[in-house]
Amino acid sequence: MFRKLWAFCKRDWQLALTYRYAFLYELGRTFALFLSFFFIGKLFADTRIHPQLAAYGGNYFRFVFLGIAFSGLMTTALGSLKKMISFELGSGTLEAILLTPTPFATFAIGKVLWDFGLVLVKTAGYLLMGTILFRVDFSQANWFALFPILGLTSATFFGLGLLSAGFFLLTRETSPLEMMMGWASRFLAGVYFPVAVLPDWLRVLSSYLPLTYTLEAARKVLIAGSSIETVGRELTVLTCFSVLLLPLGLVFFTRAFDQARHKGSLGLQN
Amino acid sequence: MVNRAVEVSNVSKWFYPSRPLWVPFKAKSKIQVLSNINLEIPQGNIFALVGTNGAGKTTLFKIISTLLLPDEGEVWVNGHHHLHRPEKIRAILSFAMGGERGFYWRLSVRQNLEFFCTLYELPPRESRKKIVETARFSGLDEYLDRPYEQLSAGTRQRLGIARSLLNGAKVLLLDEPTRSLDPLSKRDVKTLLKKLSREYGKTIAFTTHDLHEAEEVADTIAILHKGQLRAVGKPDELRGTDKQSNFEETFAKFCEDRVIHSNVP
């Protein structure tokens, strides 16, 4: 199984190498995005005017920087499996792979593993870029406490990603769940501004979004250096989300896959 | 079951066209693509499945290869049942799908084959050996380090066949292996098929629209029309007593709207 997982990662690496400018484009785009927020952050330097930022050390750029970095993890976990199925359908390789003695789980994990690895490297790159180029202060950070947050966030959004991929298998359309979750999370979960600035009724909606807890916990451990115990509430909620969504996603995806196999829709997209 | 590479028994398949979400309560319409198919392919045989567009040829091959489940009926490949032992079937059967997709366009022939060798669970050293051997056998040695996107249609077809040989499959299913090929490339592919059967004892089943090709290469020909198997037999048997008639006429006769099952096992 590990050889096959490695083969999927190697193939994706080989494919990535054939897109020579994609890496430079991504780097430039991210740098430009951070640069914009760096200057926007200068407008909010006074925490007396913006007390909601005080809870996050009063630095808007550091706040939004972490929001962007971790919402990337959500986007990957949510859309990776669907993206993979769509790519293999488009290349006509899905059936060729399914004809080999490779369980679909290995195939799915192999692809998702690469995307997760890539997003983790990217997140680490963002943090490095922030520290070196934008002088973001992570001197207090409790890096060890970040691991359970990353793990639980990945599991939660992977569960949602399975639901989304199952929907795609059945309909060949992007799942409304994926679109709504992506859109709502960016708006309501505190990516660009603290949840505290939202009116009460929107804050209620925000409390149903897993990314809210990811960002809250990540900011606590990376800005204030909080311990795992301090982010216990956020970790508990994320555990509940993952325990609920992961099995639900697995069951739904398996059924959708069986139905697609029965319908014969695993072949080329015409 | 002895000496039968493939046995298809009473297989039927319907497709359900997707309907818009706003008409959820409308009764589902269904299209029958295969109707009560019975078929046997002997070991080592070259078998041609001939039919018009939409006759159900690819669907039948997908069912035999376990990619698709039939609504009714059963399939055995070398004695393995399609539902009980699909993994056994995948281990001894290869299916080269038609068309120019099915490979990673930006990767080289070698990278593509290496990837599939790993999925076929070949050890790295054996993979390298197998790739060189298969490439030589299929006339692909000079293309090994060329990206797939730079290959001609004929070379891509041969690569599809080459991939189906990686796992040492005993039964090869080939969906239109000579589609859109020039006469020379067609000849190469046909020679390859004969070589695989005569020298390596592989059972080969292929679909085609080309009646002459079926007659030239195949030991047994089956005619599929509108999801029904109209006839199965040796080319001479299908022509019957009228040896002078060409195969197009024979084919047209079987495609008339009457079912002739005289040769169906």
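Treat the numbers as computed from the prediction; the structure is a model and nothing was measured.

Cut-offs used in this document
- Residues numbered from 1 in each chain as written.
- Chains lettered and ligands numbered in written order.
- Predicted model: local features only at pLDDT ≥ 70, side-chain atom pairs only at ≥ 80, totals over all residues.
- Heavy atoms only, no water.
- Helix = DSSP H or I, 4+ residues; strand = E, 2+ residues; numbered from the N terminus.
- Contact = heavy atoms within 4.5 Å.
- Areas by Shrake-Rupley, 256 points an atom, 1.4 Å probe, with all protein chains shown as cover.
- Buried < 20%, exposed > 50% of the residue type's maximum accessible area, 1.4 Å probe, protein only.
- Pairing = 2+ DSSP bridges.
- Axes fitted to C-alpha atoms, helices over the stretch in contact; angles between N-to-C directions.
- Expected span 1.5 Å × (residues − 1).
- Bend = angle between axes of the 7 residues up to and from the residue.
- Buried area = accessible area lost by both parts, 1.4 Å probe.
- Salt bridge = Lys/Arg side-chain N within 4 Å of Asp/Glu carboxyl O.
- Polar contact = N/O pair within 3.5 Å; in protein donor to acceptor, adjacent residues only side chain to side chain.
- Nonpolar A, V, L, I, M, F, W, Y, C, P; charged D, E, K, R; others polar.
- Core = buried A, V, L, I, M, F, W, Y, C linked by side-chain atoms within 4.5 Å.
- Left-handed = near helix turned anticlockwise from the far one by under 90°.
- pLDDT = per-residue confidence, 0-100.
- Phe/Tyr/Trp six-rings, centres within 6.5 Å; stacked < 30°, edge-to-face > 60°.
- Lys NZ or Arg CZ within 6 Å of the ring centre and 35° of its normal.

### Remarks on the overall build of chain B
Turning to step 1, where the next piece is worked out: When helices and strands are counted, chain B shows nine helices and ten strands.
Turning to step 2, where the next piece is worked out: Restricting the contact set of chain B to residue pairs at least 6 apart, pairs at least 24 apart contribute 68%.
Turning to step 3, where the next piece is worked out: For chain B, the exposed area adds up to about 12,100 Å²; of that, 49% sits on carbon and sulfur atoms.

### Some words on unusual backbone geometry
Residues and elements named next belong to chain B.
Turning to step 1, where the next piece is worked out: A positive phi angle is found at glutamate 176, which is not glycine, with a value near 45°.
Turning to step 2, where the next piece is worked out: Within the secondary structure layout, glutamate 176 lies in the loop between strand E7 (171-175) and helix H6 (183-200).
Turning to step 3, where the next piece is worked out: A positive phi angle, near 50°, is found at lysine 226, a position not held by glycine.
Turning to step 4, where the next piece is worked out: Judged by its relative accessible area of 52%, lysine 226 is exposed.

### Description of the sheet that holds strand E4 (residues 72-77) of chain B
Residues and elements named next belong to chain B.
Turning to step 1, where the next piece is worked out: Pairing within the open sheet is antiparallel, and its four strands lie in the order E2-E1-E4-E5. Looking along the sheet, the strands with just one partner apiece sit at the ends: strand E2 (31-42) and strand E5 (80-81).
Turning to step 2, where the next piece is worked out: One ladder, built from two bridges, connects E4 with E5; its direction is antiparallel. In the strand pairing of E5, valine 77 is matched with histidine 80.
Turning to step 3, where the next piece is worked out: Its contacts with the sheet put helix H1 (residues 57-64) on strand E1 (4-15), E2 and E4, and the angle it makes with E1 is roughly 120°.

### A look at the sheet that holds strand E10 (residues 228-233) of chain B
Residues and elements named next belong to chain B.
Turning to step 1, where the next piece is worked out: Read across the sheet, six strands follow the order E6-E7-E8-E3-E9-E10 without closing on themselves; strand pairing throughout is mixed. Only two strands of the sheet have a single partner each, and these edge strands are strand E6 (93-96) and E10. Ignoring strand direction, the axes of neighbouring strands in this sheet form an average angle of 15°.
Turning to step 2, where the next piece is worked out: Pairing geometry for strand E3 (residues 46-51) and strand E9 (residues 220-225), over five bridges, is parallel. By the bridge assignment, phenylalanine 47 is partnered in E9 with threonine 220.
Turning to step 3, where the next piece is worked out: Most of the contacts of helix H9 (residues 247-255) go to E9, to which it runs at about 45°, and overall it touches E3, E9 and E10.

### Describing helix H3 (residues 60-91) of chain A
All names here are of chain A.
Turning to step 1, where the next piece is worked out: With 32 residues, H3 should reach 46 Å at 1.5 Å per residue; the first-to-last C-alpha distance of 43 Å fits that figure.
Turning to step 2, where the next piece is worked out: Maximum bend of H3: about 50°, positioned at glycine 79.
Turning to step 3, where the next piece is worked out: Among the 32 residues in H3, 26 count as buried, and that is most of the element.
Turning to step 4, where the next piece is worked out: The first or second residue beyond H3 is glycine 92, which carries a positive phi of 75°.

### Some thoughts on the interface of chain B and chain A
Turning to step 1, where the next piece is worked out: Across the contact, 31 residues belong to chain B and 31 residues belong to chain A.
Turning to step 2, where the next piece is worked out: Both sides together, the interface formed by chain B and chain A hides about 3,000 Å², and carbon and sulfur atoms give 61% of it.
Turning to step 3, where the next piece is worked out: Linking chain B with chain A are three salt bridges.
Turning to step 4, where the next piece is worked out: Linking lysine 62 of chain B and glutamate 95 of chain A is a salt bridge whose minimum nitrogen-to-oxygen distance equals 3.0 Å.
Turning to step 5, where the next piece is worked out: Summed over the shared surface of chain B and chain A, the number is eight residue pairs in polar contact (both at pLDDT 80 or more).
Turning to step 6, where the next piece is worked out: Those elements that place two or more of their residues in the side of chain B that touches chain A are E1 and helix H3 (109-119) of chain B.
Turning to step 7, where the next piece is worked out: Take the side of chain B that touches chain A: its biggest share by element is six residues, from H3 of chain B.
Turning to step 8, where the next piece is worked out: Within the side of chain B that touches chain A, the residues separate by chemical class into 17 nonpolar, five polar and nine charged.

### Focus: the nonpolar core
Turning to step 1, where the next piece is worked out: Grouped together as the largest cluster of nonpolar side chains are 134 residues, with contacts concentrated most on Ile85 of chain A together with Ile64 of chain B.
Turning to step 2, where the next piece is worked out: Sorting elements by how many residues they give to this core places H3 of chain A first, with 17 residues.
Turning to step 3, where the next piece is worked out: Other than its neighbours up to four places away in sequence, isoleucine 85 of chain A contacts Phe104, Ala165, Phe168, Leu169 and Phe253 of chain A.
Turning to step 4, where the next piece is worked out: Ile161, Leu174, Ile204 and Phe206 of chain B belong to the second largest nonpolar core, which has 29 residues in total.

### Overview of the environment of serine 265 of chain A
Turning to step 1, where the next piece is worked out: When you line up the elements, serine 265 of chain A lands in the segment after helix H10 (232-263).
Turning to step 2, where the next piece is worked out: A residue is classified by how much of its surface remains accessible, and serine 265 of chain A, at 17% relative accessible area, is buried.

### Thoughts on the packing of helix H9 (residues 210-224) of chain A against H10 of chain A
Residues and elements named next belong to chain A.
Turning to step 1, where the next piece is worked out: The contact between H9 and H10 brings their axes to 9 Å, and the two run at 145°. Of the two possible hands of crossing, H9 and H10 adopt the one that is left-handed. Here Pro210, Tyr213, Thr214, Glu216, Ala217 and Lys220 of H9 come into contact with H10, specifically with Arg233, Glu234, Val237, Leu238 and Phe241.
Turning to step 2, where the next piece is worked out: Here the residues of the contact of H9 with H10 sort into six nonpolar, one polar and four charged.

### What to know about the confidence of the model for chain B
Residue and element names in this part refer to chain B.
Turning to step 1, where the next piece is worked out: Per-chain confidence: chain B averages 83 in pLDDT, with 88% of residues scoring 70 or above.
Turning to step 2, where the next piece is worked out: Per-element averaging of pLDDT across chain B places H9 at the bottom with 75 and H3 at the top with 93.
Turning to step 3, where the next piece is worked out: Quick note on the complex model: pTM equals 0.81, ipTM equals 0.81.

### Here's the deal with the confidence of the model for chain A
Turning to step 1, where the next piece is worked out: Across chain A, the average pLDDT comes to 84, with 96% of residues at or above 70.
Turning to step 2, where the next piece is worked out: For chain A, the element scoring lowest by mean pLDDT is helix H5 (residues 104-133) of chain A, at 80; H9 of chain A scores highest, at 92.

### Some details on the packing of aromatic side chains
Turning to step 1, where the next piece is worked out: Inspection of every chain in the model, using the stated rule, returns 24 aromatic pairs over all chains.
Turning to step 2, where the next piece is worked out: Ring geometry for phenylalanine 138 of chain A and tryptophan 143 of chain A: centres 6.0 Å apart, planes at 65°, overall edge-to-face.
Turning to step 3, where the next piece is worked out: Centroid distance phenylalanine 187 of chain A to phenylalanine 193 of chain A: 6.2 Å. Interplanar angle 75°. Geometry classified as edge-to-face.
Turning to step 4, where the next piece is worked out: Pairwise contacts between aromatic rings join Phe8 and Phe87 of chain A together with Phe103, Tyr104, Trp105, Phe115, Phe116 and Tyr148 of chain B into one cluster.
Turning to step 5, where the next piece is worked out: Lying across the ring of tryptophan 105 of chain B, arginine 156 of chain B places its NZ or CZ 4.4 Å from the centre.
Turning to step 6, where the next piece is worked out: Over the face of the ring belonging to phenylalanine 103 of chain B we find arginine 163 of chain B, whose NZ or CZ atom lies 3.9 Å from the ring centre.

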